[in-house]
Amino acid sequence: MNLRTFFTFLSLFPAWVWGIEGTLQARVGYFGLTSSWPREIYGCGAPDFEIEGGINLTPCAFYWSNLNYVWKQGHSTEFSDHTHLDLAVLSTGFNLATPILDSSTLLYLGLGISGACVHTSDHSAYLPAHTTRFGVGFVAKSGVSIPCTTHLFVNPFFDYYYQPIHAQSDGVHSRVDMGGFRVGLGFGYHFY
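Scoring rules and cut-offs
Here the residue index of a chain counts from 1 through its sequence in written order. Only residues with pLDDT of 70 or above have their local features reported here, since the model is predicted, and side-chain atom pairs are shown and tallied only from 80 upward, although totals for entire chains, interfaces and linings are computed over all residues. As a rule here, side-chain values cover all heavy atoms of the structure and leave hydrogens and water aside. Here, nonpolar core means buried Ala, Val, Leu, Ile, Met, Phe, Trp, Tyr and Cys residues that are tied together by side-chain atoms lying within 4.5 Å of each other. Only protein chains enter the calculation, and the probe is 1.4 Å; a residue is then buried if its accessible area is under 20% of its type maximum, exposed if over 50%, and partly exposed in between. Numbered from the N terminus, helices here are DSSP runs of H or I no shorter than four residues, and strands are runs of E no shorter than two. Any pair of residues with heavy atoms lying within 4.5 Å of one another is described as a contacting pair. A pair of Phe, Tyr and Trp rings is counted when the ring centres sit within 6.5 Å of each other, with Trp represented by its six-membered ring. The angle between the planes then sorts it: under 30 degrees is stacked, over 60 is edge-to-face, the rest tilted. Basic side-chain nitrogens of Lys or Arg form a salt bridge, by our definition, when they fall within 4 Å of a carboxyl oxygen of Asp or Glu.

Lay out the nonpolar core with the relevant residues and their values.
By size, the foremost hydrophobic cluster in this structure holds 17 residues, and its most contacted members are L87, V118 and M178. Of all elements in the fold, only β1 (22–33), α2 (36–42), β3 (61–75), β4 (82–99) and β5 (106–122) reach the threshold of two or more residues within this core. Sorting elements by how many residues they give to this core places β4 first, with three residues. Dropping the residues within four chain positions of it, L87 is found in contact with F31, N68, Y69, V70, A116, C117, V118 and M178.

Right, here's the structure in full:
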């Protein structure tokens with residue numbers, strides 16, 4: 001089986017089995033923390049990797065779900081002890097799209113909910129070695145889907161996440177926004 005036959009089969013398989021049209025893409029980019037407390041510890045930004053799948057509900061409405069992963073090294077604010085952040089976010093929502101100047105390029109805007117798992121590893125005598133916290137937030141998405149071939153497309157995007165996480169320090173309970181903006185480029189496959 002050559003590569004062209006494989007991609008032809010791949011493009012028809014979801015429609016045969018499930019009768020759906022949609023997309024699957026890998027997205028890479030930059031995640032910029034927006035809250036001051038996380039920025040003091042981990043700096044302004046970090047690399048971001050995301051897998052996203054979408055289902056076409058109508059020609060201009062799409063359901064999507066994605067999984068992001070962000071990692072970053074940092075130093076605690078009081079004693080400059082080494083710390084490591086792992087942030088995984090599972091999101092789902094809807095996009096509305098419109099063609100740009102009667103072309104097949106689509107401009108989209110979307111909203112969704114997100115659930116995050118934040119894991120920190122701290123090398124300090126004053127902090128627990130490992131801490132895991134969970135939180136629910138929301139995401140606003142925007143971007144452009146630019147077709148390259150019948151099935152392949154690129155997706156420059158800008159997303160904003162509000163991701164509050166419960167935190168406790170010296171017996172004081174608070175919420176910390178571990179969200180921020182994501183900007184980058186997706187590489188996708190459109191199946192139908």
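Account for the packing of aromatic side chains, with residues named and values stated.
The geometry of an aromatic ring pair is captured by two quantities: the separation of the ring centres and the angle between the planes. Inspection of every chain in the model, using the stated rule, returns five aromatic pairs. Centroid distance Y69 to W71: 5.4 Å. Interplanar angle 20°. Geometry classified as stacked. Y69 sits in the partly exposed class, given a relative accessible area of 35%. Look at F138 and Y162: their rings are 5.6 Å apart centre to centre, the planes differ by 40°, and that puts the pair in the tilted class.

Go over the pattern of salt bridges, please, and point to the residues and values.
A complete count under the given rule lists seven salt bridges for this structure. Close ionic contact of R27 with E52 constitutes a salt bridge, the shortest N to O distance being 3.6 Å. Residue R27 is found in strand β1, and its partner E52 is found in strand β2 (residues 45–58); the two are separated by 25 residues along the sequence. One exposure class covers both R27 and E52, and it is buried. Across the salt bridge formed by R27 and D159, the nearest N and O atoms sit 2.6 Å from each other. Here D159 lies in strand β7 (residues 152–162) and R27 lies in strand β1, a separation of 132 residues in the sequence. Assigned by exposure class, R27 and D159 land together as buried. The network of salt bridges with shared partners includes R27, E50, E52, K141 and D159.

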